[in-house]
Amino acid sequence: MKIATYNVNGVNGRLPVLLRWLEESRPDIVCLQELKAPEERFPAAAIAAAGYDAIWHGQKSWNGVAILSRVGAPVETRRGLPGDPQDTHSRYIEAAVNGLLIGGLYLPNGNPRPGPKFDYKLAWFERLIAHAAELIDSGAPAILAGDFNVMPTERDVYKPERWLDDALFAPEVRAAYFRLLDQGWTDALRALHPDETIYTFWDYFRNAFVRDAGLRIDHLLLSPALADRLLAAEVDSHVRGWEKTSDHAPVWIELGEGKRRRAKRQPG
DNA sequence: ATGCCCTCTATTAGAGGA
């Protein structure tokens, strides 16, 4: 089963690119971020025509997350993280899909730092950590996928020294990311490519893609029940080179079948 | 220290992104 995450940076403006990538890549499940569309302007018909059921949490102008599936309609289990009823941003959606629990998220950018936006990022991260702990405790085969707006290590940013004070690379944000991982989550891309330079985002400015001046900020995290099923994890970097493309590239993993467990072989 | 580029909203500029 192939599961992907893609920050589309405007789902309507990006629709031709999204449909082209869906047709080429044929992921089974997709988490989208930055829809930048109100609830009623999600292009559900075009996505259905491409073979995907979808649930989404839209918002005018900003944010917005969705889960697409061509292996059975997503059954929504949550929209929005618990812990702050005043939070109006559409940044989290969760569903049961084909035997998996999928949490699609768009973690706040947090710049400038310091400031209220950075405080919101840290608070949102704490709510995510609290909810993720419940997912782990449930024992469900779960995936947290999306734009985390965090480069976890120096390997994940083209020029670490320039990003030390940025909200995407600040020590307290990276520490929060590793506190999340320490619950038992596996960073799928890093687990299969421990020493590679891998980016998922390249700025529109300064010819960043051509110079490969990128960041690794889009992540797929696997709960312990899924870690053994991880077969592949890749970035569709070439999509970043398409016309009218997002500044993020799609990221995907392949999971092997895990429903049947082989009986232990008896000696003799 | 700032703009660069891009999207959205809504009128030609402002906000937000990372």
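Residues numbered from 1 in each chain as written. Chains lettered and ligands numbered in written order. Predicted model: local features only at pLDDT ≥ 70, side-chain atom pairs only at ≥ 80, totals over all residues. Heavy atoms only, no water.

Enquirer: Any details on the sheet that holds strand β2 (residues 29-33)? Residues and values, ideally.
Expert: For sheets, the rule is that strands pair by backbone hydrogen bonds, running either parallel or antiparallel. One open sheet accounts for 6 strands, arranged β3-β4-β2-β1-β14-β13; its pairing is mixed. On the outer flanks of this sheet lie β3 (53-57) and β13 (230-235), each paired with one strand and no other. Averaged over all pairs of adjacent strands, the angle between strand axes in this sheet comes to 15 degrees, irrespective of strand direction. Contacting β1 (2-7), β2 and β4 (65-69), helix α1 (residues 15-25) runs over the sheet at an angle of about 160 degrees to β1. (Pairing = 2+ DSSP bridges. Helix = DSSP H or I, 4+ residues; strand = E, 2+ residues; numbered from the N terminus. Axes fitted to C-alpha atoms, helices over the stretch in contact; angles between N-to-C directions. Contact = heavy atoms within 4.5 Å.)

Enquirer: Could you give an account of unusual backbone geometry, with specific residues and numbers?
Expert: Glycine aside, residues mostly have negative phi, and peptide bonds are mostly found in the trans state. Geometrically, the link from Asn 111 to Pro 112 is a cis peptide bond, its omega value of -5 degrees lying close to zero. Residue Pro 114 is reached from Arg 113 by a cis peptide bond, and omega for that bond is 0 degrees. Checked against the element boundaries, Pro 114 lands in the loop between β7 (100-106) and α3 (116-138). The phi torsion at Arg 206 lies on the positive side, around 55 degrees, for a residue other than glycine. Residue position: Arg 206 is located in the loop between β10 (201-202) and α6 (208-211).

Enquirer: Can you tell me about the UniProt feature "active site" (unreviewed entry) in chain A, naming the residues and giving the values?
Expert: On the UniProt side, "active site" (unreviewed entry) is annotated at positions that read Tyr 106, Asp 147 and His 248 here. Spanning 143 residues, the annotated positions come together in the fold, the maximum distance between their C-alpha atoms being 12.7 Å. Tracing the sequence through the fold places Asp 147 in strand β8 (residues 142-147). Not counting residues up to four positions away in its chain, the partners in contact with Asp 147 are Asn 7, Gln 33, Leu 105, Tyr 106, Leu 107, Ile 217, Asp 218 and His 248. Discounting chain neighbours no more than four positions away, the residues touching His 248 are Tyr 6, Asn 7, Asp 147, Thr 200, Phe 201, Ile 217, Asp 218 and Arg 240. Of the polar contacts made by the side chain of His 248, one reaches the side chain of Asp 218; its length is 2.9 Å. (UniProt positions renumbered as here; feature names shortened; annotations may be inferred. Polar contact = N/O pair within 3.5 Å; in protein donor to acceptor, adjacent residues only side chain to side chain.)

Enquirer: I'd love a proper account of the pattern of salt bridges, names of residues and values included.
Expert: According to the stated counting rule, one finds 11 salt bridges in the structure shown. For Glu 76, the salt bridge is made with Arg 79, and the minimal N-O distance between the two is 2.8 Å. By relative accessible area, which is 36% here, Arg 79 ends up partly exposed. The closest approach of N and O atoms between Asp 187 and Arg 216, which form a salt bridge, is 3.0 Å. Taken together, the residues span a long stretch of sequence, with Asp 187 in strand β9 (residues 186-187) and Arg 216 in the loop between β11 (214-215) and β12 (218-222) at a distance of 29 residues. Linked through salt bridges whose partners overlap, the residues forming this network are Asp 156, Asp 187, Arg 190 and Arg 216. (Salt bridge = Lys/Arg side-chain N within 4 Å of Asp/Glu carboxyl O. Buried < 20%, exposed > 50% of the residue type's maximum accessible area, 1.4 Å probe, protein only.)

Enquirer: Please provide a residue-by-residue account of the nonpolar core, values included.
Expert: Of all hydrophobic cores here, the largest spans 32 residues; its most connected members are Ile 3, Ile 67, Leu 100, Ile 143, Ile 253 and Leu 255. Setting aside residues no more than four positions away along its own chain, Ile 143 makes contact with Ile 3, Leu 100, Leu 101, Ile 102, Gly 103, Trp 185, Leu 220, Leu 221, Leu 222, Leu 226, Ile 253 and Leu 255. Counting residues in hydrophobic clusters, the runner-up holds 26 residues, among them Leu 81, Tyr 92, Ile 129 and Ala 132. (Core = buried A, V, L, I, M, F, W, Y, C linked by side-chain atoms within 4.5 Å.)

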